[in-house]
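Next come the chains, spelled out residue by residue.
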Amino acid sequence: MKTQENNKMVFPKLFGSVVVLLLASITLVSFKTNVKTTTNSIASPYYHLIGADNSNIKYVGRIDMSSPAAPKFSNPGVYFKAKFRGEHIAIDMEDETNLNYIAIVIDNASPVRLLIEKGRKTYTVATGLTKGDHTILICKETESGVGSLIFYGFRCAGLAEVTDMTSRKIECYGNSITCGAKMLLGIPCDLTNNNTNWNAANSAYLSYGALTARSLNAQWQLTSVSGIGLIHSCCNMRNTMPMVYDRLSLNDATSPKWDFSRYTPDVVTICLGENDGSPAVASQEFKTTYVAFIKTIRGKYPQASVFCLTSPMADSSSSSTCLFKVMKETLASVVDSLNKAGDSKVYWVALPHDMNNGCPKQGHPGEAEHRQTAVVLEAAIKAKMGW
């Protein structure tokens, strides 16, 4: 991303790793431009490693913590947060593929994204800040299909206890829409359309689920995979959501099982059916599988409220088989069945539809459309949860 020309600063090679991004708190910029890199040098005494296993770092999401000093994660929307001291901060991180982006948020300002490179490297992510304490949040923007990131720690003057972690929790099950896929315009979209990086235009941090959670002062977890369906996935995918919902990595039905006790949401949203297609969504098999899936989720989270969502990409043509119409009928039937069976904490929500103004040629919701979707979902959750 571009930094303002009148706020240029120079940076060094640190600890054998190239510094690739400057982010000052006064120069946070839009996602729609490219990340500039720099290898200039400046001496700094603040860059000693505080390991990823430090108790002041708060992690949220399906993360492999089998090596606490090197947590590994692949799913979109996984994030961690810390409070740090001083005017500078860097991170040590490694990517498997050269394709993963992260969003960096300093002091709750606008996010800036960074492409992580293969091999362990040190990335300066903030400098020139005011003295004192600051917060940093790092969120994985891209999907499990482009591999994992490994985090080794922060390089800064010190960490302090994070005191503003909300106890509210939301988990969002879904497909590419829930991942925040194909949302961004500009250079990220160009990289997607020219097949350089099919995840470049993704933004989990700006997805409707993450936006809704932050607006409701809740934590978020995105349990989502592009192309996935409930009974039928697209693009020759063999997995469906019931096959991977309980896995550490959602792209691999053979990955280790996820420990559901590590994250117990108050709210679960389910947005599936776009990839199944209208005939499948109208079928009894889809309804039966949906009811069974909710019962499975209920077994993991006995107290959670479950919100079944129509697809923001669903068409609303005059056809009797248009996906939006079929989804409303099917979800109403599913929820009615569960309510009559005694589960009163299951609801359905008609989200905005016909949303495909993200990256051109990709047919997915854009940034503004995710915001519109989040407004509707937030209102529905507020009405039932009293948040």
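The preceding data block contains the structure.
Quick caveat: nothing in here was measured; it's all calculated off a predicted structure.

A. Region of interest: the pairing of strand E16 (residues 267-271). Burial within E16 is extensive, with five of its five residues counted as buried. Residues Val267, Thr269 and Cys271 point to one face of E16 and Val268 and Ile270 to the other, with burial holding for every one of them. Note that strand E14 (residues 169-174) and E16 share five bridges and pair parallel. Along E16, the bridge assignment pairs Glu171 with Val268. Taken together, the four bridges between E16 and strand E17 (residues 305-309) define a ladder with parallel strand orientation.

B. Inspection of the pattern of salt bridges at higher detail. Enumeration according to the criterion identifies 15 salt bridges in this entry. When the shortest N-O distance is used, the salt bridge between Asp92 and Arg120 registers 3.1 Å. Note that Asp92 is positioned in strand E7 (residues 89-95) and Arg120 in the loop between strand E9 (112-115) and strand E10 (121-126), a separation of 28 residues in sequence. You can call Asp92 buried: its relative accessible area is 1%. Here the salt bridges do not stand alone but share partners, grouping Asp92, Arg120 and Arg155 into one network.

C. Representation of the side chain of Thr373. Mapped onto the elements, Thr373 comes out in helix H8 (residues 367-385). The exposure class of Thr373 is buried, given its relative accessible area of 1%. A polar side-chain atom of Thr373 sits 2.9 Å from the main-chain carbonyl oxygen of Glu369. For Thr373, the contacting residues outside a window of four places in its chain are Tyr208, Pro312, Leu351, Pro352 and Met355.

D. Region of the structure containing the packing of helix H3 (residues 208-215) against H8. For the pair H3 and H8, the least separation of the axes is 8 Å and the interaxial angle reads 50°. Of the possible angle classes, the one that applies to H3 and H8 is oblique. Of the two possible hands of crossing, H3 and H8 adopt the one that is right-handed. On H8, the residues that touch Tyr208, Leu211, Thr212 and Ser215 of H3 are His370, Arg371, Thr373, Ala374, Leu377, Glu378 and Ile381. Looking at side-chain class alone, the contact of H3 with H8 contains five nonpolar, four polar and two charged residues.

E. Inspection of the pairing of strand E11 (residues 133-140) at higher detail. For E11, the buried fraction is high: seven of the eight residues fall into the buried class. Here strand E8 (residues 101-106) runs beside E11; their pairing, made up of five bridges, is antiparallel. Considered in E11, the bridge of Ile104 is made with Ile138.

F. The arrangement of the state of the cysteines in detail. Summed over all chains, the structure comprises two disulfides. Disulfide pairing places Cys189 opposite Cys359 at an S-S distance of 2.1 Å. Handedness of the Cys189-Cys359 disulfide follows from its S-S torsion of about 80°: it is right-handed. Of this pair, Cys189 sits in helix H2 (residues 186-193) while Cys359 sits in the loop between strand E18 (346-349) and H8; the two residues are 170 residues apart in sequence, bridging distant segments of the chain. With respect to burial, Cys189 and Cys359 carry one shared label: buried. Here the bonded cysteines of the chain are numbered in sequence order, and their pairing is 1-4, 2-3.

G. Fine view of the packing of aromatic side chains. For the structure shown, the criterion picks out 13 aromatic pairs. Relative to Tyr301, the ring of Phe260 has its centre 5.9 Å away and its plane inclined at 65°; by these criteria the two rings are edge-to-face. Here Phe260, found in the loop between helix H4 (241-244) and E16, pairs with Tyr301, found in the loop between helix H6 (284-300) and E17; they are 41 residues apart in sequence, far enough to count as distant. By relative accessible area, which is 9% here, Phe260 ends up buried. Residue class for Tyr301 comes out buried when judged on its relative accessible area of 1%. Sitting above the plane of the Tyr263 ring, Lys169 keeps its charged end 5.3 Å from the centroid.

Rules used in this analysis
- Every chain is numbered independently, its residues counted from 1 as its sequence is written.
- This being a predicted model, a pLDDT of at least 70 is required before a residue's local features are given, and a value of 80 or more before pairs of side-chain atoms are given or counted; all residues contribute to the totals for chains, interfaces and linings.
- The side-chain numbers reported here are obtained from all heavy atoms of the structure, hydrogens and water having been left aside.
- Categorising residues by exposure relies on relative accessible area from a 1.4 Å probe, with only protein chains included: less than 20% of the type maximum marks a residue as buried, more than 50% marks it as exposed, and the intermediate range marks it as partly exposed.
- Numbering of helices and strands starts at the N terminus; helices are DSSP runs of H or I of at least 4 residues and strands are runs of E of at least 2.
- By the convention used here, strands pair only if DSSP detects at least 2 bridges between them.
- Criterion for a salt bridge: a side-chain nitrogen of Lys or Arg within 4 Å of a carboxyl oxygen of Asp or Glu.
- Throughout this description, a polar contact denotes any pair of N or O atoms lying within 3.5 Å of each other; where both atoms belong to protein, one of them has to be capable of donating a hydrogen while the other can accept it, and for residues adjacent in sequence the pair is counted only when both atoms sit in side chains.
- Throughout, a residue-residue contact means that at least one pair of heavy atoms, one from each residue, lies within 4.5 Å.
- Here, axes are lines fitted to C-alpha atoms. For helices the fit covers the stretch in contact, and angles between N-to-C directions go from 0 to 180 degrees.
- Oblique is the label for any angle not covered by the other classes, which are roughly parallel (under 35 degrees), roughly antiparallel (over 145) and roughly perpendicular (65 to 115).
- Two helices cross in a left-handed way if the nearer one is turned anticlockwise from the farther one by less than a right angle. They cross in a right-handed way if the turn is clockwise.
- We call Asp, Glu, Lys and Arg charged. Ala, Val, Leu, Ile, Met, Phe, Trp, Tyr, Cys and Pro are nonpolar, and the rest, Gly among them, are polar.
- Two cysteine sulfur atoms form a disulfide, by the criterion used here, when they sit within 2.5 Å.
- The rule is short: rings of Phe, Tyr and Trp, with Trp giving its six-membered ring, pair when the centres are within 6.5 Å, and they are stacked under 30 degrees, edge-to-face over 60, tilted in between.
- Two conditions define a charge sitting above a ring: the NZ of Lys or the CZ of Arg must be within 6 Å of the ring centre, and it must be within 35 degrees of the ring normal.

Just geometry here; none of it tells us what the structure is for.
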